[in-house]
Structures are given as C-alpha cells and as structure tokens.
Amino acid sequence: MTETVKELLSQLQVLNERDRTYLASYFADAPPWLLQALHLQQLKKGTIFIREDDPVETIFLLIKGHVRAVDYRILGIAYDYMRFEPIKAFGSMEILLERDVYKSTLSTYTDCLFLTVEKQKYEKWLKNDKNALLMEIKSMGTYLLDQAQKERAFLFLQGVDRMILLFIRLYEQETNKKKCQLRITRQELSENSGLSVKTVNRSIKQMEEKDYITKKGYTIEISQQQYGQMKAYIAEKMAASENKEVKTISKT
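Criteria and thresholds
Numbering of residues starts from 1 in every chain and runs along the sequence as written. Note on the predicted model: pLDDT of at least 70 is required for a residue's local features to be given, and 80 or more for side-chain atom pairs to be given and counted; whole-chain, interface and lining totals, by contrast, use all residues. Side-chain metrics rest on all non-hydrogen atoms present in the structure, leaving aside hydrogens and water. Buried and open spaces are told apart on a 1 Å grid over the protein atoms alone, a cavity being a set of points where a 1.4 Å probe fits but cannot get out and a pocket being an open set with protein on both sides within 12 Å along at least five of seven lines. Residues with an atom within 4 Å of a point are the lining residues. Grid points are joined across faces, edges and corners, and a volume is the space filled by probe spheres set on the points. Numbering goes from the N terminus for both helices and strands, where a helix is a DSSP run of H or I of at least four residues and a strand is a run of E of at least two. Think of it as three bins: nonpolar holds Ala, Val, Leu, Ile, Met, Phe, Trp, Tyr, Cys and Pro, charged holds Asp, Glu, Lys and Arg, and polar takes everything else, Gly as well. A pair is scored as a salt bridge if a Lys or Arg side-chain nitrogen falls within 4 Å of a carboxyl oxygen belonging to Asp or Glu. Per-residue accessibility, obtained with a 1.4 Å probe over protein chains only, is compared with the maximum for each type, and a residue is labelled buried under 20%, exposed over 50%, and partly exposed between these values. Strand pairing is assigned whenever DSSP identifies at least 2 bridges connecting the two strands. Axes, fitted as lines to C-alpha atoms, cover a helix only where it is in contact. Angles between the N-to-C directions of the axes lie from 0 to 180 degrees. Working definition: rings of Phe, Tyr and Trp (its six-membered ring) pair if their centres are within 6.5 Å, and the pair is stacked with planes under 30 degrees apart, edge-to-face with planes over 60 apart, and tilted otherwise. Put simply, a charge is over a ring when the Lys NZ or the Arg CZ is close to the ring centre, within 6 Å, and near the line of the ring normal, within 35 degrees. Residue types Ala, Val, Leu, Ile, Met, Phe, Trp, Tyr and Cys, when buried and joined through side-chain atoms within 4.5 Å, form a set referred to as a nonpolar core. Note on contacts: a residue pair is in contact if any heavy atoms of the two residues lie within 4.5 Å. The directions considered for the arc run from the helix axis to the C-beta atoms. Geometric relationships in this document are graded by angle, where less than 35 degrees denotes roughly parallel, more than 145 denotes roughly antiparallel, 65 to 115 denotes roughly perpendicular, and other angles denote oblique.

Once that is clear, we can look at empty space enclosed by the protein. Taken as a whole, this structure holds 1 cavity of 30 Å³ or more when the rule is applied. Computed from the structure, the largest cavity encloses a volume of approximately 60 Å³. F27, L34, L38, I59, L61, A89, L115, V117, Y122 and W125 together form the lining of the largest cavity. Counting only elements with at least two residues in the lining of the largest cavity, the list comes to β3 (58–64), β8 (112–118) and α5 (119–126). Among the residues forming the lining of the largest cavity, the class breakdown is 10 nonpolar, no polar and no charged.

Given below as structure tokens:
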C-alpha cells in the first residue's frame, strides 16, 4: 500500500475493516494524480444523484450508506429494482460498456458518503490498472447476476407472494438474524415491490394473518422463525413454477 493510499484511508475513519481492506486493494496501484482528484461528498437520504440518460460526467464511489436504483416507467409506479451497499462505483459500468449516458436513475436510500472523481480521470486510470479493472468487472458481473435472479423471481410471483419475497430480502439485508424491525411506509413498499399501494395493503394484511410478520404500530417485525416460514413458502412456490415451466417446454 502506497503512502498516498494510506493517507486517503486515514481520512475515512467511518469505514469498517472490510470496506477499508477493499478500498486499499482497489487503489493499491492508483497513481497519486488520481487519488488527489478524489473528493468526499455527503448526500442526504432521498437525493437523486444520477439520472438515466444524463451524460456521464462524474463517477460516484459509495463508501457509506445505501443506494437504490429506481425505474419510473413501469405502470406509473416508481419501481425500486436494485439496492447497493459499499463499496460500489456508479458510472464505471457505462465506461466499460462504452456508453456516454447513465443507464439507471440512482438515489440515496439512506444518508450516504461518496468519493467522487471526474469521468475522464477515472476512465484513464481504470483502463490502465489491471487490478482495479478486474475488481470492477467482478462487481459488474455480480450486479448483473443478482439483478437477473431478482427479475426471474419476480416474473413468477405476484401480489402477496412478491411481498413475501421482498420481506425475505429486507430481513437478510437489515437483521441481526434474530429479529428484524422495519419502519417502512406503504409507498416505499410499493416502490420496492413494483405493486400498487392498494395491493401492498392487502398483502400486508394477508401476511399478518398467516403470521409471516408482526405489526406493532408503524413497525413491522420479522422473527427468525417467521423468516424461515417465508423462505420455505417461497422455495416451494418457485419450485412449482419452475416445474410448470419445464412441463410447458417439454410439450412444445
């Protein structure tokens, strides 16, 4: 690790050990001119910092907080189709795919901290740093696989089943594996699932009746047992859908 990288990391005391290690590896061979071009930027929750089809001018490297990708074109509903955690570079995919405009709309789901840099400087470095390039390719591949898996699951599921899948993911993202407590609005659930608020309300009621979740005021709780029940239900549902698809293909 160079002295310049050590100096950068010393300014980022908010990072946990895993993320500090990742950044140290990411910038291990970065030249001083790139590190000196990095800027820290704090954004409040709910800030749209990248808009689809805007020119790629800045690379945002998420180092703290959570970001969501939103599609506003699906039946008039803001569909929150992907979540991102640190460490994640936004704008790098467009560079690797040789796109001049951003391909997604991104907003902060929590208060966030970014390292930002001009596209031209980042692109010059990335295309000449084998280590960083391989790390970005791996990150991009993981994102594409996760997105494909999520969309495939959503293709099979509707209504309450889609909501159950969403709560499984929220539990896995935010829980200590014993109990998950969520303070999330019906509008946010609508945006996360791609369902209307009316369908969300109906689904929440059905899930509570089946003891998949517990409502306490404005808080929704999911115990480890409830999480396991939902996982088993969705696994059975997905298996049935896949078997049906196989049978349909075999008949054609």
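More follows now that the structure is in view.
Applying the stated rule across the entire model yields 5 salt bridges. In this structure, E172 and K231 form a salt bridge, with 3.5 Å as the shortest nitrogen-oxygen distance. Taken together, the residues span a long stretch of sequence, with E172 in helix α7 (residues 159–174) and K231 in helix α10 (residues 224–251) at a distance of 59 residues. Overall, the relative accessible area of 36% leaves E172 in the partly exposed class. With a relative accessible area of 39%, K231 lands in the partly exposed category.

Where strands meet in a sheet, backbone hydrogen bonds hold them as pairs that are either parallel or antiparallel. If you walk across this open sheet you meet the 3 strands as β9-β11-β10, and the pairing is antiparallel. A single partner strand is all that each edge strand has here, and the edge strands are β9 (179–182) and β10 (214–216). Adjacent strand axes in the sheet meet at a mean angle of 25 degrees when their direction is disregarded. The pairing of β9 with strand β11 (residues 219–223) spans 4 bridges and is antiparallel. Note that in β11 the partner of K179 across the bridge is S223.

All right, on to the packing of aromatic side chains then. One pair of aromatic rings is described through two measures. These are the centre distance and the angle between the planes. For the structure shown, the criterion picks out 12 aromatic pairs. Geometrically, the ring pair formed by Y122 and W125 is edge-to-face, given 5.6 Å between the ring centres and 70 degrees between the ring planes. Of this pair, Y122 and W125 both sit in helix α5, 3 residues apart, which is roughly one turn of that helix. With respect to burial, Y122 and W125 carry one shared label: buried. On the basis of an interplanar angle of 45 degrees and a centroid distance of 6.0 Å, the ring pair of Y212 and Y233 is categorised as tilted. One end of the pair, Y212, is in the loop between α9 (197–209) and β10; the other, Y233, is in helix α10, and 21 residues separate them in sequence. Among the aromatic side chains, those forming a connected cluster through ring pairs are Y22, Y26, F27, Y122 and W125. Geometry around W33 places K124 over its ring, the cationic atom sitting 4.9 Å from the centre.

What follows concerns the layout of surface pockets. What the second largest pocket holds in volume is close to 250 Å³. Along its surface, the second largest pocket is lined by 20 residues, and F90, M93, E94, S104 and Y143 are the ones closest to its centre. Elements represented by at least two residues in the lining of the second largest pocket include exactly β6 (88–90), α4 (92–96) and α6 (130–156). Among the elements that take part in the lining of the second largest pocket, α6 stands out by supplying 4 residues, more than any other. Tallied by class, residues from the lining of the second largest pocket come to 12 nonpolar, 3 polar and 5 charged.

A separate point is the nonpolar core. Nonpolar side chains tend toward joint burial in soluble globular proteins. In this structure, F27 and F90 are the most contacted members of the largest nonpolar core, which totals 42 residues. Apart from residues lying up to four places away in sequence, F90 is in contact with F49, I50, T58, I59, F60, L62, V67, F84, L106 and F114. Core analysis: the next-biggest nonpolar cluster, separate from the first, contains 26 residues, Y109, I168, V200 and I222 among them.

For α5, the complete set of buried residues consists of K119, Y122, W125 and L126. Looking straight down α5, one finds that the buried residues subtend no more than 135 degrees of arc, so they occupy a single side. Away from its buried face by more than 90 degrees, α5 exposes Q120 and K124.

Next up on the list: the packing of helix α8 (residues 186–193) against α9. Direction vectors running N to C along α8 and α9 enclose 100 degrees, while the axes themselves pass 9 Å from each other. Taken together, the axes of α8 and α9 lie roughly perpendicular to each other. Residues R186, Q187, L189, S190 and S193 of α8 form the contact with α9, whose participating residues are V197, V200, N201 and I204. Split by residue class, the contact of α8 with α9 holds 4 nonpolar, 4 polar and 1 charged.

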